[in-house]
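Take a look at the letters that make up each chain.
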Amino acid sequence: ANLAKPDPVSAHITAVVNAIHRAPTEAIPASLKALLSTLVEGSCGTVASERHEYQTRVVAMLEQTLQDVEAHMKKDVDMARVKVDAVSGDRAARQEALGLARSKLQES
């Protein structure tokens, strides 16, 4: 069986395009997702030393966009953690109040 090795460049291009498509719309508007997705292969698929100035700019734009998406997602995770921590604190306080209410009930 003659199995061809997968092209690592194609795999990276696919990963970048998938990251763009999966990014929250708040981070990348749909119209920008479509535009960036069409530019990935033509820019990232060219060896850096052989890129035209515009390809280099596109790669920098893609890098910045993905960093912005990462920051947006980290912020969302941090906000979710705050909510979980608040709920956990509320739960602990309610369990304590329940315990006090049960002990008062047993005393009666």
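Our structure's up above, just so we're on the same page.
Criteria and cut-off values
- Residues numbered from 1 in each chain as written.
- Predicted model: local features only at pLDDT ≥ 70, side-chain atom pairs only at ≥ 80, totals over all residues.
- Heavy atoms only, no water.
- Helix = DSSP H or I, 4+ residues; strand = E, 2+ residues; numbered from the N terminus.
- Expected span 1.5 Å × (residues − 1).
- Buried < 20%, exposed > 50% of the residue type's maximum accessible area, 1.4 Å probe, protein only.
- Contact = heavy atoms within 4.5 Å.
- Bend = angle between axes of the 7 residues up to and from the residue.
- Polar contact = N/O pair within 3.5 Å; in protein donor to acceptor, adjacent residues only side chain to side chain.
- Axes fitted to C-alpha atoms, helices over the stretch in contact; angles between N-to-C directions.
- Parallel < 35°, antiparallel > 145°, perpendicular 65-115°, else oblique.
- Left-handed = near helix turned anticlockwise from the far one by under 90°.
- Nonpolar A, V, L, I, M, F, W, Y, C, P; charged D, E, K, R; others polar.

Participant: What is the right way to look at helix H3 (residues 53–107) in this model?
Facilitator: Every α-helical turn comprises 3.6 residues, leaving residues that sit three or four positions apart pointing alike. With 55 residues, H3 ought to run about 81 Å at 1.5 Å a step, and its terminal C-alpha atoms sit 81 Å apart, in line with that. All of the buried residues along H3 are Gln55, Val58, Val59, Leu62, Thr65, Val69 and His72. On the buried face of H3, the contacting elements are helix H1 (8–22) and helix H2 (30–44).

Participant: Got a minute to help me understand H2 in this structure?
Facilitator: Between its first and last C-alpha, H2 extends 21 Å over 15 residues, near the 21 Å set by a 1.5 Å rise per residue. At threonine 38, H2 shows its strongest bend, of approximately 25°. If you check which residues of H2 are buried, you get Lys33, Leu36, Ser37, Val40 and Ser43. Those residues of H2 that are buried lie in contact with H1 and H3.

Participant: Just to check I follow, could you spell out the environment of aspartate 7 for this structure?
Facilitator: With respect to the secondary-structure elements, aspartate 7 resides in the segment before H1. Engagement of the side chain of aspartate 7 in a polar contact is seen with the backbone nitrogen of valine 9, the distance being 3.2 Å. Of note is the side chain of aspartate 7, whose polar atom sits 2.9 Å from the side chain of serine 10.

Participant: Would you take a moment to explain the packing of H1 against H2 for this structure?
Facilitator: Each packed pair of helices is defined by two parameters, the angle between the axes and the distance between the axes. In contact at an axis separation of 9 Å, H1 and H2 are set at 165° when each is read in the N-to-C sense. Considered as vectors, H1 and H2 are oriented roughly antiparallel to each other. For the pair H1 and H2, the sense of crossing is right-handed. Contacts between H1 and H2 involve Val9, Ile13, Val16, Val17, Ile20 and His21 from the former and Lys33, Leu36, Ser37, Val40, Glu41 and Cys44 from the latter. Its residues placed into classes, the contact of H1 with H2 shows eight nonpolar, two polar and two charged.

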